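Per-entry structural report
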Amino acid sequence: IPNSVTNIGDYAFMNCSGLVDITIPDSVTSIGDDAFYNCSNLTSITIGNGVTGIGKDAFYGCSALEQLELPSSLTDIADYAFGNSGLEEITIPASVTALGHGAFDHSRVTKVTFTGKAPQIGDDAFGNVFADVYYPSPNCDPSWADMIWDYGGYLQWYPTDSHSYCAVITPA
């Protein structure tokens, strides 16, 4: 994708089974709805640090996609954005303020790490997911204190912090 592109439109690469890897440049600010829907052979994607939003079903059905680093510019992950994907681990950047309904529904995620304040989390964001979830301790970040821990999956929640200072620690 050339640096002159500023957004990836809806349905841009939908059902493109020949797509194996892609680099989204920093010039791109949004990834549209269904942009990579069912790209079943997509194994590697690099998302530039300009992306602030990932659209509905953007990576739904990307069953070969196992790991992905989300950019620190990202604020919104829409409904079912990574549903039914092959993702196994995901770190949600501190910049994310909203996770849509079913965002990771039926994915293969086994480890989720939140690095900032508690985002708004939609119903069934982790539906049918068995995962360990690490989040900043309510002692460090009060925004986590009133969270309801039922997001449709089978999740084990672990606060992370240090007794001397509040830092996010992701267990190895």
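As the structure is a computational prediction, the values presented were derived from the model and not from experiment.

The rules behind these values
Residues numbered from 1 in each chain as written. Predicted model: local features only at pLDDT ≥ 70, side-chain atom pairs only at ≥ 80, totals over all residues. Heavy atoms only, no water. Buried < 20%, exposed > 50% of the residue type's maximum accessible area, 1.4 Å probe, protein only. Helix = DSSP H or I, 4+ residues; strand = E, 2+ residues; numbered from the N terminus. Pairing = 2+ DSSP bridges. Salt bridge = Lys/Arg side-chain N within 4 Å of Asp/Glu carboxyl O.

1. Some thoughts on the pairing of strand 7 (residues 89-92)
One face of the sheet, then the other: side chains in a regular strand alternate in exactly this way. Burial along strand 7 is one-sided: the face carrying I90 and I92 is buried and the face carrying E89 and T91 is not. One ladder, built from 4 bridges, connects strand 7 with strand 9 (residues 111-114); its direction is parallel. Note that in strand 9 the partner of E89 across the bridge is K111.

2. Structural notes on the sheet that holds strand 5 (residues 53-54)
Reading across the sheet, the 6 strands line up as 1-3-5-6-8-10 and stay open at both edges, with parallel pairing between neighbours. Only two strands of the sheet have a single neighbouring strand rather than two, namely strand 1 (7-8) and strand 10 (120-121). Summarising the sheet, strand 6 (residues 76-77) and strand 8 (residues 98-99) pair through 2 bridges and their orientation is parallel. Bridge assignment links D76 to a residue of strand 8, and that residue is A98.

3. Notes on the pattern of salt bridges
According to the stated counting rule, one finds 1 salt bridge in the structure shown. Note that D57 and K56 form a salt bridge whose closest N and O atoms lie 4.0 Å from each other.

4. Points about unusual backbone geometry
Positioned with a positive phi, Y11 is a non-glycine residue whose angle comes to about 65°. Checked against the element boundaries, Y11 lands in the loop between strand 1 and strand 2 (21-24). Phi is positive for H106, close to 60°, though the residue is something other than glycine. Checked against the element boundaries, H106 lands in the loop between strand 8 and strand 9. For H106, a relative accessible area of 42% puts it in the partly exposed group.

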